[in-house]
Amino acid sequence: QVQVVESGGGLVQPGGSLRLSCAFSGGIFSIYVVGWYRQAPGKQRELVARITRGGSTNYPDSVKGRFTISRDNAKNTVYLQMNSLKPEDTAVYYCKATIPGTDYWGQGTQVTVSS
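Since the structure is predicted, the reported quantities are computational estimates derived from the model, not experimental observations.

With that out of the way, let us pick up the pairing of strand β11 (residues 109–113). Covered by surrounding structure in β11 are T109, V111 and V113 only, the residues Q110 and T112 on the alternate face being uncovered. Sheet topology places strand β2 (residues 10–12) next to β11; 3 bridges connect them, and they run parallel. Following the sheet pairing, L11 is matched in β11 by T112. Relative to β11, strand β9 (residues 91–99) runs antiparallel, the two being bridged by 3 bridges.

What follows is the structure in structure tokens.
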């Protein structure tokens, strides 16, 4: 049974930083493409970072230069380093692990950026 578990969310002031973790179990982690998504109240879920099996990354313009995704295949974990956080980054952040035809989602972790 594949499981994906996010952690690291919390309350942070504008301009601050957080590092989210996505822990994976029950499969061969290294073959999965992993993405971080977020969903704010009343808005659609959106991609904020993605990393391939080979380590290539991509980001939307809204977070480019502030967020960094990385993976540690030995620890079956993907990280999302978030710097220079803004109130509009407030959302529930989800991790998704993908192999062709199958997606595995975590339960999400809340990130709140507020003074």
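Once the structure has been displayed, the description carries forward.
A separate point is the pattern of salt bridges. Throughout the structure, instances matching the rule amount to 5 salt bridges. Among the salt bridges present, the one from R38 reaches D89, with a minimum N-O distance of 2.8 Å. Of this pair, R38 sits in strand β4 (residues 33–39) while D89 is found in the loop between β8 (77–82) and β9, placing the two residues 51 residues apart along the sequence. For the pair shown, R38 and D89 are each scored as buried. For K96, the salt bridge is made with D103, and the minimal N-O distance between the two is 3.8 Å. With a relative accessible area of 14%, K96 lands in the buried category. Here the salt bridges share partners, and the residues they tie into one network are R38, E46, R66 and D89.

Let us now look at the sheet that holds strand β3 (residues 18–25). On the basis of which strands lie adjacent, the open sheet formed by 4 strands has the order β1-β3-β8-β7 and antiparallel pairing. Each having just a single partner strand, β1 (3–7) and β7 (67–72) make up the two edges of the open sheet. Direction aside, neighbouring strands of the sheet carry axes that sit 15° apart on average. Bridge count for β3 against β8 is 6 bridges, and the pairing is antiparallel. Bridge pairing in β8 places L20 opposite L80.

The rules we used
Residues numbered from 1 in each chain as written. Predicted model: local features only at pLDDT ≥ 70, side-chain atom pairs only at ≥ 80, totals over all residues. Heavy atoms only, no water. Buried < 20%, exposed > 50% of the residue type's maximum accessible area, 1.4 Å probe, protein only. Helix = DSSP H or I, 4+ residues; strand = E, 2+ residues; numbered from the N terminus. Pairing = 2+ DSSP bridges. Salt bridge = Lys/Arg side-chain N within 4 Å of Asp/Glu carboxyl O. Axes fitted to C-alpha atoms, helices over the stretch in contact; angles between N-to-C directions.

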